[in-house]
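Observations on the model geometry
Given next are the chains, with one letter for each unit.
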Amino acid sequence: MKNKILLCITLIFLIGCHEKPNTSTESKPTKQETPQQAHTKAEPIEIAAHPEPDHLVNNPTPLPQGYSVDTTYLKKPLLIDFDGDGKRDAFQVLKNPNKKGMKYLFEFRISDSDKVYYYQNNEEGDDLDIFATFKVAPKTNIYVDEEYRFGENGDILANEQIDPKHYLKFKGDGVSVNVLEETCAASAFFLTDDKIKRIYLC
């Protein structure tokens, strides 16, 4: 009996020695990179450059012969709707240094056309270079011709003192100009009846 028990123990021991330990390890799933993660650096986007137009507001009319743009006071064109069509037109100052007499012009260049209007001062000794400030003159303001602006004694009349029938109406905005100091030398220029009209503001 004792021998049978020993034999059984020996067999169990031998069977246990022949079993191989489980050495396999559970492999973890590999994380795959998404296409967005694969590109670590963003590629630069090239934007095609659009060349600057060689003329203002889609108007190819060349400058008058001998004239160039004068930027002494008006550094860049003033964009204003002169003809009331909702499109921005351009105002700038021109100079012809070789011309005798009046050397300056005010240019009113209409967009999407070849129309250009000019204003030259008719008063001897006062060229347009006396003006140094340029602003938009809204068409909604009240404007009156010089003959109705002054009273019998030469005093300046307020708008309320002038009969509304003498108020001027314009389709588009204009340009208000003045000398460096705020004085009574201010004028406004409007496009009306296919020409430039000057209004003395005071």
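Below is a summary of the structure that appears in this document.

Quick notes on the rules
Residues numbered from 1 in each chain as written. Predicted model: local features only at pLDDT ≥ 70, side-chain atom pairs only at ≥ 80, totals over all residues. Heavy atoms only, no water. Helix = DSSP H or I, 4+ residues; strand = E, 2+ residues; numbered from the N terminus. Buried < 20%, exposed > 50% of the residue type's maximum accessible area, 1.4 Å probe, protein only. Contact = heavy atoms within 4.5 Å. Areas by Shrake-Rupley, 256 points an atom, 1.4 Å probe, with all protein chains shown as cover. Pairing = 2+ DSSP bridges. Axes fitted to C-alpha atoms, helices over the stretch in contact; angles between N-to-C directions. Phe/Tyr/Trp six-rings, centres within 6.5 Å; stacked < 30°, edge-to-face > 60°.

1. Remarks on the overall build of the protein chain
When its secondary structure is counted, the protein chain shows three helices and nine strands. Counting over 202 residues, the protein chain shows a buried share of 30%. Contacts in the protein chain between residues at least 24 apart in sequence constitute 54% of all its contacts with a sequence separation of at least 6. Counting every atom, the protein chain has about 15,100 Å² of accessible surface; 53% of that belongs to carbon and sulfur.

2. Section: the sheet that holds strand β8 (residues 187-192)
The four strands are arranged β6-β7-β8-β9 in an open sheet whose pairing can be described as antiparallel. Strands with a single pairing partner mark the edges of an open sheet, and in this sheet they are β6 (133-137) and β9 (195-200). Looking at each pair of strands side by side, their axes are set apart by 25° on average, direction ignored. Of the strand pairs in this sheet, strand β7 (residues 174-178) and β8 are connected by three bridges, and their pairing is antiparallel. Paired with S176 across the bridge in β8 is A188.

3. Details of the packing of aromatic side chains
Here the structure, examined in full by the defined rule, presents 11 aromatic pairs. Ring centres 4.8 Å apart and planes at 65° place the aromatic pair Y143 and F190 in the edge-to-face group. One end of the pair, Y143, is in the loop between β6 and α3 (146-149); the other, F190, is in strand β8, and 47 residues separate them in sequence. For the pair shown, Y143 and F190 are each scored as buried. Both rings, one in F170 and one in F190, keep their centres 4.0 Å apart while their planes meet at 5°; by these two values the pair is stacked. Of this pair, F170 sits in the loop between α3 and β7 while F190 sits in strand β8, and the two are 20 residues apart along the sequence. Judged by relative accessible area, which is 0%, F190 ranks as buried. Three or more aromatic residues joined by ring pairs make a cluster, and in this case those are F82, F91, F106, F108, Y119, F131, F134 and F189.

4. A short note on the pairing of β8
In terms of residue burial, β8 counts as a mostly covered element, since six of its six residues are buried. Side-chain alternation along β8 places S187, F189 and L191 on one buried face and A188, F190 and T192 on a second face that is also buried. Pairing between β8 and β9: six bridges, direction antiparallel. Residue pairing in the sheet places F189 in a bridge with R198 of β9. Where β8 hands over to β9, the hairpin turn is made up of two residues, of which D193 adopts a positive phi near 55°.

5. Brief notes about the pairing of strand β5 (residues 116-119)
Pairing geometry for strand β4 (residues 104-109) and β5, over four bridges, is antiparallel. In the strand pairing of β5, E107 is matched with Y118. Between β4 and β5, which follow one another and run antiparallel, lie six residues, and D112 among them has a positive phi close to 50°.

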